[in-house]
Amino acid sequence: MPVPRLSNEGDDPLSIFMKPPPYETDEERTDRLRREAEEKRVSDQIDEYIKAERAAMKKKRSDIKLLLLGQSESGKSTTLKNFQLTFAPKAWREERTSWRAVIQFNLVRSVNTILDVLSKEMLSALGGGSTAHLNIAQSSSRPPSGSWSMDALDANLDGNFSSDDEQEVYQPIPASTFPPLKFTSSHSLLKLRLAPLRSVECDLKTFLGAGSTEVTASTSDISQMVATPFDIDYRGSAPPSASLTRRRTNEFAVRSHAAWKRSLGMHTGSSKTRPSSPKAGLDLDGATEVIAGCKDDIKMLWHDPLIQELLKRRGVKLGDSAAYYFHHVDRIANRKYEPSDDDVLRARLRTLGVQEHKLVFEHSADAGSTWCIYDVGGSRTSRAAWLPFFDDAHAILFLAPINCFDEQLAEDPRVNRLQDSMILWKSIVSSKLLTGCSIVLFLNKYDLLVKKLQSGVQARDFVTNYGDRENDAAVFAKYMRGKFKTLLKDLSPKPRPFYGFLTSVINTGLTLSYLRDGILREHLKKAEIV
């Protein structure tokens, strides 16, 4: 039976509802029109909000999400800075000056570390003995008793490691058989003249925040450590319920230590921020003045042959960039100092939690496109925070410092750093959650590997499977690249290509351009655009 059509407007219920009431007075009409106008305004505002939200969601889906993963001091933050320098040079130049305090802090901390070693040695000399070991830093050259085997990397990825997975604690450096160093009154005077740098370091640490404090075994809570982001406990130290609660309450957030940039009024990411931190009240100009006044003494300290011999004997490991900053102290310890690109690339400030950075490409065919790059804290106390960011990641750039085959994790000296990188790599490439994610490997700090092997350190003393291969950086790098490639091939839930590069992250322009093109190509394929 056909449905009867409404014969006229008067039969339309909506028209009847919207029809003005009969016998409406002028005052009532005015009030009704006012209400209708306000309701329309609100309705239009809601429509615009929904439209904007849809556009934002569409843009977010089109943005590429890149995760920078790896252990602490693997070069993740330096890689991020290289991305900014290469693809967003204008934004980089606007932010570069804000790194001055970090660079000054790196220099001053290295000076004070040397002074600590010098003070202990001179005190020991007065007592007629020689210190057997200083807890200032760990030696980069360890005894063969700390060697490890590739066979120790078992296939267990549930977070519970066998006794073969992690090695014994290294023994202290044995007492030196060298004759005592003969310090003079000039060294005492040098300590006195450089004493003001103690307060400068404290002021800069206060300004820069928690990122200026490095993780050590003595400051790390073992119950909060995980070897991989998929673990629920650390060697049975914490019950799963406590660990999961910790993740929910403490780690599921994007955090930043960029308050020092906000204090300087510098922009972070894609938006500008205004000074808001009380730290801005610190006298950074005063710190610059003190550093400039100590310039000649800093140079004298670094170039003193006795000091260099002391550092060598005690196996003191300064930061990777310490020698560079000492070499450029004439420029850095200057009242009008402005950081260069190389200065900023070498600046070290620990990443806390997970930090999101919006990289807007400024040139070439990619101009205007946005990448969301996530830089993560790499210590075992921070890895539980990674997991929530895996869900919709398009690509992972995994950084494994290849020079640290003879070093241990700062937060857990039982664990070899290169072995730790391989444990992390195993967990990432085998994860079903990351099956659709492109993974790129940077075997990083190749330049430091060359220097280490040329200094006489034998790779076979620390990586027993290396056998009788030549103690050469290129040979060792090829060997390790093959190991990482095999893990990816054997453990990936489905076949995926292996992208592995030897890098020195302070000089990776061409590699990053290749990486960008490759990630874009994979992204377009998955979107079925190409």
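Residues numbered from 1 in each chain as written. Predicted model: local features only at pLDDT ≥ 70, side-chain atom pairs only at ≥ 80, totals over all residues. Heavy atoms only, no water.

Student: Give a detailed account of the confidence of the model for the chain, specifying residues and quantitative values.
Tutor: Of all residues in the chain, 72% attain a pLDDT of 70 or more, and the chain-wide mean is 78. Low pLDDT (under 50) marks residues 154-176, which in the prediction has 56 contacts with non-local residues, meaning those over four places away or in another chain. (pLDDT = per-residue confidence, 0-100. Contact = heavy atoms within 4.5 Å.)

Student: Give me the lowdown on the environment of Leu66, citing residues and values where you can.
Tutor: With respect to the secondary-structure elements, Leu66 resides in strand β1 (residues 64-69). Overall, the relative accessible area of 0% leaves Leu66 in the buried class. Those residues in contact with Leu66 that sit more than four places away from it in its chain are Phe83, Trp371, Cys372, Ile373, Tyr374, Ala395, Ile396, Leu397 and Ile519. (Helix = DSSP H or I, 4+ residues; strand = E, 2+ residues; numbered from the N terminus. Buried < 20%, exposed > 50% of the residue type's maximum accessible area, 1.4 Å probe, protein only.)

Student: Got a sec to walk through helix α17 (residues 446-454)? Specific residues and values, please.
Tutor: Taken together, the buried positions of α17 are occupied by Leu449, Lys452 and Leu453. Angularly, the buried residues of α17 cover 90° about the axis, an arc narrow enough to put them on a single face. The exposed residues of α17 that point more than 90 degrees off its buried face are Lys451 and Gln454. Close packing links the buried residues of α17 with α18 (473-491). Phi for Gly456, located one or two positions after α17, is positive at around 115°. (Arc of directions from axis to C-beta.)

Student: Please set out the side chain of Glu201 residue by residue, giving values where relevant.
Tutor: Summarising the element assignment, Glu201 is placed in helix α7 (residues 197-208). It turns out Glu201 is buried and unbridged, and the closest side chain with the opposite charge, Arg198, is 5.0 Å from it. One polar contact links Glu201 to Asn112, side chain to side chain, over a distance of 2.6 Å. Sequence-distant contacts of Glu201, defined by excluding residues within four places in its chain, comprise Phe105, Val108, Arg109 and Asn112. (Lys, Arg positive; Asp, Glu negative; His and termini not counted. Salt bridge = Lys/Arg side-chain N within 4 Å of Asp/Glu carboxyl O. Polar contact = N/O pair within 3.5 Å; in protein donor to acceptor, adjacent residues only side chain to side chain.)

Student: Provide a residue-level description of α18, including the pertinent values.
Tutor: An α-helix turns once every 3.6 residues. As a result, residues three or four positions apart point the same way. Relative to the 27 Å expected for 19 residues at 1.5 Å per residue, α18 spans 27 Å between its end C-alpha atoms, a close match to the ideal helical length. Buried within α18 are the following residues: Ala473, Phe476, Ala477, Tyr479, Met480, Phe484, Leu487 and Leu488. Packing partners of the buried residues in α18 comprise β4 (395-401), α16 (417-429), β5 (438-444), α17 and β6 (499-502). (Expected span 1.5 Å × (residues − 1).)

Student: Describe the packing of helix α5 (residues 100-126) against helix α10 (residues 284-293), with residues and values.
Tutor: Two elements in contact, α5 and α10, have axes separated by 11 Å at closest approach and are oriented at 40°. Taken together, the axis directions place α5 and α10 in an arrangement best described as oblique. When you trace α5 past α10, the crossing you get is left-handed. Note on element contacts: α10 touches α5 through Asp285, Thr288 and Ile291, opposite Arg100, Gln104 and Val108. In the contact of α5 with α10, the residues fall into two nonpolar, two polar and two charged. (Axes fitted to C-alpha atoms, helices over the stretch in contact; angles between N-to-C directions. Parallel < 35°, antiparallel > 145°, perpendicular 65-115°, else oblique. Left-handed = near helix turned anticlockwise from the far one by under 90°. Nonpolar A, V, L, I, M, F, W, Y, C, P; charged D, E, K, R; others polar.)

Student: Hey, could you go over the packing of α5 against helix α11 (residues 295-303) for me, with residue numbers and the actual values?
Tutor: Between α5 and α11, the least distance of the axes is 11 Å, while the angle of their chain directions is 55°. By the criterion of interaxial angle, the relationship of α5 to α11 is oblique. Crossing of α5 against α11: the hand is left-handed. In this structure, α5 uses Val111, Ile114 and Leu115 to contact α11, whose residues at the interface are Ile298, Leu301 and Trp302. Taken together, the residues that form the contact of α5 with α11 break down as six nonpolar, no polar and no charged.

Student: Give me the packing of aromatic side chains: which residues, what numbers.
Tutor: All told, the structure shown has 15 aromatic pairs when counted by the stated rule. With centroids separated by 5.5 Å and ring planes inclined at 65°, the aromatic side chains of Tyr324 and Tyr325 adopt a geometry described as edge-to-face. Neither residue differs from the other here; Tyr324 and Tyr325 are each classed as buried. Seen from their ring centres, Tyr466 and Tyr479 are 5.3 Å apart, and the 75° between their planes marks the pair as edge-to-face. One end of the pair, Tyr466, is in the loop between α17 and α18; the other, Tyr479, is in helix α18, with 13 residues separating them in the sequence. Tyr466 gets classed as buried once you look at its relative accessible area, which sits at 1%. Through pairs of rings, three or more aromatic residues link up here, namely Phe405, Phe462, Tyr466, Phe476 and Tyr479. Between the NZ or CZ atom of Arg346 and the centre of the ring of Tyr324, over which it lies, the distance is 4.1 Å. (Phe/Tyr/Trp six-rings, centres within 6.5 Å; stacked < 30°, edge-to-face > 60°. Lys NZ or Arg CZ within 6 Å of the ring centre and 35° of its normal.)

Student: Outline the pattern of salt bridges, supporting the account with residue identities and numerical values.
Tutor: Applying the stated criterion across every chain yields a total of 24 salt bridges. Ionic pairing is found between Asp31 and Arg35, a salt bridge with its closest N-O pair at 2.5 Å. Taken together, the positions of Asp31 and Arg35, both in helix α2 (residues 26-62) and four residues apart, correspond to about one turn of that helix. Between Asp320 and Lys317 there is a salt bridge, with the nearest N and O atoms lying 4.0 Å from each other. Connected through shared salt-bridge partners, Asp406, Glu407, Arg417 and Lys452 make up one network.

Student: Kindly report on the pairing of strand β3 (residues 370-376), identifying the contributing residues and their values.
Tutor: For β3, the buried fraction is high: seven of the seven residues fall into the buried class. Burial along β3 is two-sided: Thr370, Cys372, Tyr374 and Val376 and Trp371, Ile373 and Asp375, pointing in opposite directions, are all buried. As paired strands, β1 and β3 are joined by five bridges and run parallel to one another. Its bridge partner lying in β3, Leu66 is registered against Ile373. Pairing between strand β2 (residues 354-360) and β3: seven bridges, direction antiparallel. Counted as the bridge partner of Glu356 is Tyr374 from β3. (Pairing = 2+ DSSP bridges.)

Student: Lay out the nonpolar core with the relevant residues and their values.
Tutor: Core analysis: the biggest nonpolar cluster contains 47 residues, and Leu194, Leu197 and Phe326 have the highest contact counts within it. Mapped by element, the contributors of at least two residues to this core are α5, α7, α10, α11, α12 (305-314), α13 (322-327), α14 (329-332) and α15 (341-345). Looking at this core element by element, the count peaks at 12 residues for α5. Setting aside residues no more than four positions away along its own chain, Leu197 makes contact with Val108, Val111, Asn112, Val290, Ile291, Cys294 and Ile298. (Core = buried A, V, L, I, M, F, W, Y, C linked by side-chain atoms within 4.5 Å.)

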